[in-house]
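For reference, the chains in residue letters:
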Amino acid sequence: MSTLDDSKPDLMRRALDGLNRHVADSGLSTRAKIALTCRALFDAGHDSGLAGQITARAERPGTYYTQQLGLGFDEITEDNLLLVDEDLNVLAGTGMANPANRFHSWIYRGRPDVNCIVHTHPFHVAALSMLEVPLIVSHMDATPLYDDCAFLKDWPGVPVGNEEGEIITAALGDKKAVLLAHHGHVIAGASVEEACSLGMLIERAAKLQLAAMAAGTIAELPPQLAREAHDWTLTPKRSQANFAYYARRALARHPDALSH
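The rules behind each value
Residues numbered from 1 in each chain as written. Predicted model: local features only at pLDDT ≥ 70, side-chain atom pairs only at ≥ 80, totals over all residues. Heavy atoms only, no water. Buried < 20%, exposed > 50% of the residue type's maximum accessible area, 1.4 Å probe, protein only. Helix = DSSP H or I, 4+ residues; strand = E, 2+ residues; numbered from the N terminus. Arc of directions from axis to C-beta. Axes fitted to C-alpha atoms, helices over the stretch in contact; angles between N-to-C directions. Parallel < 35°, antiparallel > 145°, perpendicular 65-115°, else oblique. Contact = heavy atoms within 4.5 Å. Nonpolar A, V, L, I, M, F, W, Y, C, P; charged D, E, K, R; others polar. Polar contact = N/O pair within 3.5 Å; in protein donor to acceptor, adjacent residues only side chain to side chain. Core = buried A, V, L, I, M, F, W, Y, C linked by side-chain atoms within 4.5 Å. Salt bridge = Lys/Arg side-chain N within 4 Å of Asp/Glu carboxyl O.

Caption draft 1: Helix α7 (residues 223–233), seen in detail. Looking only at α7, the buried set comprises A226, A229 and H230. Viewed along the axis of α7, the buried residues span an arc of 105°, placing them on a single side of the element.

Following this line, the structure appears as structure tokens:
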């Protein structure tokens, strides 16, 4: 049967059906997915010393996994993650959580749809944040973030208080990401796979924006087509496929990330 006369909506539906059939869950534990996300983001330039956190909801309500304070993203394994409660009390593991994790607790409380949070200070996101301008999505690759990245212009200071948790959660609203002026970004993903994918993407989007701003005036995308691209690229199966690639690449470079 030829599909050359099929409509675009029909072809898109057929492609989504194919993704659902052919892209499977990795079968990895949440801990393993976090560890591979840490390594993948480290390799993509998200390292900033010990700054930043990657967390994911754990099995028991009101708890989540996070890194030990003092370990860099390139040192995270599925075995050295901490299990903490909303007050950052360590329930399993050794060491302490980063006090800045407090705003993660606020986001998890305010957004039941969020299951993984990525907060990092990658170079180009950090540079863009210094200009106090929002993220501009003007390229097809970045459309998963189209109209889905909020902006917090007023820096609230070190995010270790409840005030910062309230401010950042309010700025995020119902979106998948927020750019924090003079700081970095926060990704609020429905899954570890989605958060990893968007974390990789926001740094590329910021790099593209800075290059485009240096060359001229950025042109806007047609809203209807941009929304179509957003919905097309931001699906669970697409995130799973993206994550599988990032995970394979991270594991090839960092076989110590997972238990054997």
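Caption draft 2: Region of the structure containing the packing of helix α2 (residues 30–46) against helix α8 (residues 236–253). As a packed pair, α2 and α8 sit with axes 9 Å apart at the nearest point and diverge in direction by 80°. Between α2 and α8, the crossing angle belongs to the class labelled roughly perpendicular. On α8, the residues that touch K33, L36, T37, R39, A40 and D43 of α2 are F243, Y246, A247, A250, L251 and R253. The residue makeup of the contact of α2 with α8, split by class, is 7 nonpolar, 1 polar and 4 charged.

Caption draft 3: Expanded view of the side chain of H254. Structurally, the position occupied by H254 is in the segment after α8. Reaching out from H254, the side chain makes a polar contact with the side chain of R39 at a distance of 3.4 Å. Setting aside residues up to four positions removed in sequence, H254 forms contacts with R39 and D43.

Caption draft 4: Here's a closer look at the nonpolar core. Counting residues in each nonpolar core, the largest one holds 45 residues, and the members touching the most others are I34, L36, I54, L135, L145, I187 and I202. Counting only elements with at least two residues in this core, the list comes to α2, β1 (53–57), β5 (116–120), α4 (123–130), β7 (177–180), α6 (192–215) and α8. At 9 residues, α6 tops the list of elements feeding residues into this core. Discounting chain neighbours no more than four positions away, the residues touching L36 are L28, F243, A247, A250, L251, A257 and L258. Grouped together as the second largest cluster of nonpolar side chains are 18 residues, Y64, I107, V114 and L152 included.

Caption draft 5: Representation of the pattern of salt bridges within the structure. Taken as a whole and judged by the stated rule, the model has 14 salt bridges. The salt bridge partner of D10 is R13, with a shortest N-O separation of 2.2 Å. Separated by 3 residues within a single helix, D10 and R13 lie in helix α1 (residues 8–22), roughly one turn from each other. Here D10 falls in the partly exposed class, since its relative accessible area comes to 31%. The exposure class of R13 is partly exposed, given its relative accessible area of 49%. In this structure, K176 engages E194 in a salt bridge whose closest nitrogen and oxygen atoms are separated by 2.7 Å. Note that K176 is positioned in the loop between α5 (162–172) and β7 and E194 in helix α6, a separation of 18 residues in sequence. E194 gets classed as buried once you look at its relative accessible area, which sits at 7%.

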